[in-house]
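Take a look at the letters that make up each chain.
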Amino acid sequence: MTTNLPVNGASSSPISDLAVVTPSYVPDRELCIDLNRSVLEMTGPGVVHHIIVPDRDVGVFAGLRGPRTEVHAASEFLPSSFIRLSGFNVWINAAHPWPPVRGWIAQQILKLAVVAALHVDGALLLDSDSLLIRDTNLDTFRKDGRIALYRAPGAVDASLPGHRQWHVSGRRLLGLAPPPEGDLADYICWPCLWEPAVVRDLLHHIQNVTGRDWHTAVGAELHFSEMMLYGLYVDEVTGGPAASVSEMCGIVHSDEVPLDQADIERLLHGAAPGKHVVMLSAKAGIPLDVRRRALRSFLQTAPGSERGGIQ
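Reading guide: rules and limits
- Residues numbered from 1 in each chain as written.
- Predicted model: local features only at pLDDT ≥ 70, side-chain atom pairs only at ≥ 80, totals over all residues.
- Heavy atoms only, no water.
- Pairing = 2+ DSSP bridges.
- Helix = DSSP H or I, 4+ residues; strand = E, 2+ residues; numbered from the N terminus.
- Axes fitted to C-alpha atoms, helices over the stretch in contact; angles between N-to-C directions.
- 1 Å grid on protein atoms, 1.4 Å probe; cavity = no way out; pocket = protein on both sides within 12 Å on 5 of 7 lines; lining within 4 Å.
- Points joined across faces, edges and corners; volume = space filled by probe spheres on them.
- Nonpolar A, V, L, I, M, F, W, Y, C, P; charged D, E, K, R; others polar.
- pLDDT = per-residue confidence, 0-100.
- Contact = heavy atoms within 4.5 Å.
- Phe/Tyr/Trp six-rings, centres within 6.5 Å; stacked < 30°, edge-to-face > 60°.
- Buried < 20%, exposed > 50% of the residue type's maximum accessible area, 1.4 Å probe, protein only.
- Left-handed = near helix turned anticlockwise from the far one by under 90°.
- Arc of directions from axis to C-beta.
- Polar contact = N/O pair within 3.5 Å; in protein donor to acceptor, adjacent residues only side chain to side chain.

**Remarks on the sheet that holds strand β6 (residues 101–102)**
Consideration 1: Read across the open sheet, the three strands follow the order β4-β5-β6; overall the sheet is antiparallel. Only two strands of the sheet have a single neighbouring strand rather than two, namely β4 (82–84) and β6.
Consideration 2: Relative to strand β5 (residues 90–93), β4 is paired through three bridges, and the arrangement is antiparallel. Its bridge partner lying in β5, Arg-84 is registered against Trp-91.

Okay, structure coming up:
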């Protein structure tokens, strides 16, 4: 059985207790630029933004590098047995060639590997289509002084068969019994905050359960959610979190439906106060200029949101 876990790659910051992690690629470059600017403006001077991109895209993102921004090639965090098929969003794992590792599974493996390599108390996972709109630190994600786990009890019902599949695969990787009948807890949220020390323990646990390197064990799954895996581990392996929340500090438009400027402004102004992150799905097809105008207008009028990284 292998026990190698990622220990190199993303550098740690001894000054900050928080890091931000973003997988990206060339089509999302402009969105990522806005996100990066908001991270630099809305977090403390010790917070580092780690952007992970396909090896071929490193040069395109290199201009973002700075004292608080690191751009990494995906290959830094994947084992040498992972070989990407040219022209396809698929990887072949020489250690377990079948089934191929789908691109979305590989991206989730990358998130786990990057966070496991960080030596901070919390890692904030933000996709390129997100933006920080208020000052954000680790206390943003605490409840009663403890880093909270997002959990929505009973939210996975019959209308979410995919989520149930993610329960099945996560429980299998963790050596747990199949999920019971009826509604299940949901752990998928935006934004998402993980504790790197917990991720390292989680990956060791998978290796002990499966007898395989964790990349190989996860890569062999056809249906998988890294957020579901993390939540199940904390809830059902470690005995549950010291604190949990059923609502995160984000304003989210995840539907693949375009919004105009007025739609976006209504969404933003209609959200509960205290939201720190906006996520407007890149798949919604919102033109970049429309998105930027709406967010700029909101940032100029919303209390505590006078910055936010919009050009």
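Additional details are given in the paragraphs that follow.
**Digging into the sheet that holds strand β14 (residues 192–194)**
Consideration 1: On the basis of which strands lie adjacent, the open sheet formed by five strands has the order β3-β2-β1-β7-β14 and mixed pairing. Strands at the two margins of the open sheet, each flanked by one partner only, are β3 (69–73) and β14. Across the sheet, the mean angle separating the axes of adjacent strands is 25° when strand polarity is ignored.
Consideration 2: Note: strand β7 (residues 122–125) against β14, three bridges, orientation antiparallel. In the strand pairing of β14, Ala-123 is matched with Trp-194.

**Focus on empty space enclosed by the protein**
Consideration 1: Here the structure, examined in full by the defined rule, presents one cavity of 30 Å³ or more.
Consideration 2: Looking at the largest cavity, its volume works out to about 50 Å³.
Consideration 3: Along its surface, the largest cavity is lined by Leu-125, Leu-126, Asp-127, Ser-130, Trp-190, Pro-191, Gly-250, Ile-251, Val-252, Val-277, Val-278 and Met-279.
Consideration 4: In terms of residue class, the lining of the largest cavity is made up of nine nonpolar, two polar and one charged.

**Topic: the confidence of the model for the protein chain**
Consideration 1: For the protein chain, mean pLDDT is 90; residues scoring 70 or higher make up 92% of the total.
Consideration 2: Throughout residues 1–14 the model reports pLDDT below 50, and contacts reaching past four residues in sequence, or to other chains, amount to 40 contacts.

**Some points on the packing of aromatic side chains**
Consideration 1: Scanning the entire structure with this criterion turns up one aromatic pair.
Consideration 2: Between Trp-194 and Tyr-230, the ring centres sit 5.3 Å apart and the planes meet at 15°, which makes this aromatic pair stacked. With Trp-194 in strand β14 and Tyr-230 in helix α7 (residues 226–237), this pair connects stretches of sequence that are 36 residues apart. An identical accessibility class is assigned to Trp-194 and Tyr-230; each is buried.

**A word on the packing of helix α8 (residues 261–269) against helix α9 (residues 288–301)**
Each pair of packed helices can be described by the angle between their axes along with the distance between the axes.
Consideration 1: At a minimum axis distance of 9 Å, the contact between α8 and α9 shows a crossing angle of 35°. As α8 packs across α9, the resulting crossing turns out to be right-handed. The residues of α9 that touch α8, namely those facing Gln-261, Ile-264, Glu-265, Leu-268 and His-269, are Val-290, Arg-291, Arg-293, Ala-294, Leu-295, Ser-297, Phe-298 and Thr-301.
Consideration 2: Among the residues forming the contact of α8 with α9, the class breakdown is six nonpolar, four polar and three charged.

**Notes on unusual backbone geometry**
As a rule of thumb, non-glycine residues mostly have phi less than zero, and peptide bonds are mostly trans rather than cis.
Consideration 1: Cis peptide bonds are those with omega within 30 degrees of zero, and the linkage from Trp-98 to Pro-99 qualifies with -5°.
Consideration 2: Residue Pro-191 follows Trp-190 across a cis peptide bond; omega there is -5°.
Consideration 3: If you trace the backbone, Pro-191 turns up in the loop between β13 (184–186) and β14.
Consideration 4: A positive phi angle, close to 55°, is found at Asp-144, a residue other than glycine.
Consideration 5: Within the secondary structure, Asp-144 is located in the loop between β9 (142–143) and β10 (146–147).
Consideration 6: Since its relative accessible area comes to 75%, Asp-144 is described here as exposed.

**Brief notes about α8**
Consideration 1: If you check which residues of α8 are buried, you get Ile-264, Glu-265 and Leu-268. Looking down the long axis of α8, one finds its buried residues gathered within 95° of arc, a one-sided arrangement.
Consideration 2: Structurally, α8 contributes buried residues whose contacts are with β16 (250–253), β17 (277–280) and α9.
Consideration 3: For α8, the N-terminal capping position is held by Asp-260, with its side-chain oxygen 3.2 Å away from the main-chain nitrogen of Ala-262.

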